Amino acid sequence: MSMIQHIARAATMGAIAVLVAVSLATAEEGGQYWVPTTTNPVPTTTNPATYRVPSTTRPATHPPSLATRPTTRLATTHMRKRSPPVAMARSAPAPKVHRLILQVNTNDPAAMNLALNNATNVTQHFKELGEKVKIEVITFGPGLHMLRDDTSPVKARIEEMALSTPEVSFKACGNTQEKMHKAENKDIPIIPQANVVKSGVVRVMELQEKGWTYVKP
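Attention here is on the structure that accompanies the text. This structure is a prediction, so every number in the text was calculated from the model and none was measured.

Turning our attention to the pattern of salt bridges. Evaluation of the coordinates by the stated rule reveals 8 salt bridges. As a salt-bridge pair, Lys-127 and Glu-167 come within 3.8 Å of each other at their nearest N and O atoms. A residue pair is termed long-range when its members are at least 10 positions apart, and Lys-127 in helix 3 (residues 109–128) and Glu-167 in the loop between helix 4 (155–164) and strand 3 (168–173) qualify at 40 residues. What makes Lys-127 partly exposed here is its relative accessible area of 41%. A salt bridge links Lys-155 to Asp-149; the shortest N-O distance between them is 3.6 Å. Several salt bridges converge on common partners, so that one network encompasses Arg-148, Asp-150, Glu-184 and Lys-186.

Next up, the structure:
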């Protein structure tokens, strides 16, 4: 091959290369060119520069807006303001109840009436103060006659007090009742306003051990 033919062939190849380069540049500007196939192919009519791959990530969780924070703070402050009174109401001690024992162990109408007078006065005193009181009149020995239905000199007065002064209760000694039953050879009836306990003295002791105040008229 002559020198002229070599030169002509080189010029031809150069011209072909220029034409290919110009064609590629033109296709790139128009957005139409061949792309290798992938698992999610991009359409050839779509401009790669603007194509977005769908995202599978979850949207970010944003903290509560500042607009909701004042409401929460106000609610918390309101609860805190109400807490102290509630705590004070729960811890407030129960009102004290005054408790008194009046013992009668003699068959003396004056002593029996004195015991009833004391019970009435004490009850009235604490009623005026708006405070509670409980009183037990406990009889044993000869004092049981105060609560005997057949011999009590103050039976009518006790009936009235049972209605007007329920804070006062009456206890009759069971041991004394049994002894009188044997001595008199008959049943010893007790007024319906009184309850029988096994032992009047033991009843006094038990109440004192629980903090009751003991008074003998």
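Buried within helix 5 (residues 174–184) are the following residues: Gly-174, Thr-176 and Met-180. All buried residues of helix 5 fall inside an arc of 155° around its axis, so they share one side. Relative to its buried face, helix 5 has exposed residues pointing more than 90 degrees away, namely Lys-179 and Lys-182. Among the structural elements, strand 3 and strand 4 (194–197) are those in contact with the buried residues of helix 5. Asn-185 sits one or two residues past helix 5 and shows a positive phi near 55°.

If you look at the biggest cluster of nonpolar residues, it comprises 25 residues, and the most contacted ones within it are Met-146, Leu-147, Ile-158 and Phe-170. For this core, the elements supplying multiple residues, two or more each, are strand 1 (97–104), helix 3, strand 2 (132–139), helix 4 and strand 3. Of the residues forming this core, the biggest block, 5 residues, is contributed by helix 3. Among all residues touching Met-146, those that are not within four sequence positions of it are Val-104, Met-112, Leu-116, Val-137, Thr-139, Ser-152, Val-154, Ile-158 and Phe-170. With 7 residues, the next largest nonpolar core counts Ile-101, Ile-138, Cys-173 and Leu-207 among its residues.

In this model, helix 3 (20 residues) spans 29 Å end to end at C-alpha, consistent with the 28 Å of a helix rising 1.5 Å per residue. Listing the buried residues of helix 3 in full gives Ala-111, Met-112, Ala-115, Leu-116, Ala-119, Thr-123 and Phe-126. Buried residues along helix 3 cover an arc of 140° about the axis, so they all sit on one side. Projecting away from the buried face of helix 3 at angles above 90 degrees are the exposed residues Ala-110, Asn-121 and Glu-128. Where the residues of helix 3 are buried, they touch strand 1, strand 2, helix 4 and strand 3.

Right, let's get into the side chain of Thr-123. Its location among the elements puts Thr-123 in helix 3. The class of Thr-123 is buried, set by a relative accessible area of 2%. Only 2.8 Å separates the side chain of Thr-123 from the backbone oxygen of Ala-119, close enough to count as a polar contact. Beyond its immediate stretch of four places on either side in the chain, Thr-123 contacts Val-133, Ile-135, Thr-165, Glu-167 and Val-168.

Relative to the assigned elements, His-145 resides in the loop between strand 2 and helix 4. A distance of 3.0 Å separates polar atoms of two side chains, one belonging to His-145 and the other to Thr-151.

Interhelical geometry of helix 3 versus helix 4 gives an angle of 15° and a closest axis separation of 12 Å. Overall, the two elements helix 3 and helix 4 adopt an arrangement that is roughly parallel. Once helix 3 is placed against helix 4, the crossing between them reads as left-handed. Counting all contacts with helix 3, which are made through Asn-113, Leu-116, Asn-117, Ala-119, Thr-120 and Lys-127, the residues of helix 4 involved are Arg-157, Ile-158, Met-161 and Ser-164.

What counts as what
Residues numbered from 1 in each chain as written. Predicted model: local features only at pLDDT ≥ 70, side-chain atom pairs only at ≥ 80, totals over all residues. Heavy atoms only, no water. Salt bridge = Lys/Arg side-chain N within 4 Å of Asp/Glu carboxyl O. Helix = DSSP H or I, 4+ residues; strand = E, 2+ residues; numbered from the N terminus. Buried < 20%, exposed > 50% of the residue type's maximum accessible area, 1.4 Å probe, protein only. Arc of directions from axis to C-beta. Contact = heavy atoms within 4.5 Å. Core = buried A, V, L, I, M, F, W, Y, C linked by side-chain atoms within 4.5 Å. Expected span 1.5 Å × (residues − 1). Polar contact = N/O pair within 3.5 Å; in protein donor to acceptor, adjacent residues only side chain to side chain. Axes fitted to C-alpha atoms, helices over the stretch in contact; angles between N-to-C directions. Parallel < 35°, antiparallel > 145°, perpendicular 65-115°, else oblique. Left-handed = near helix turned anticlockwise from the far one by under 90°.

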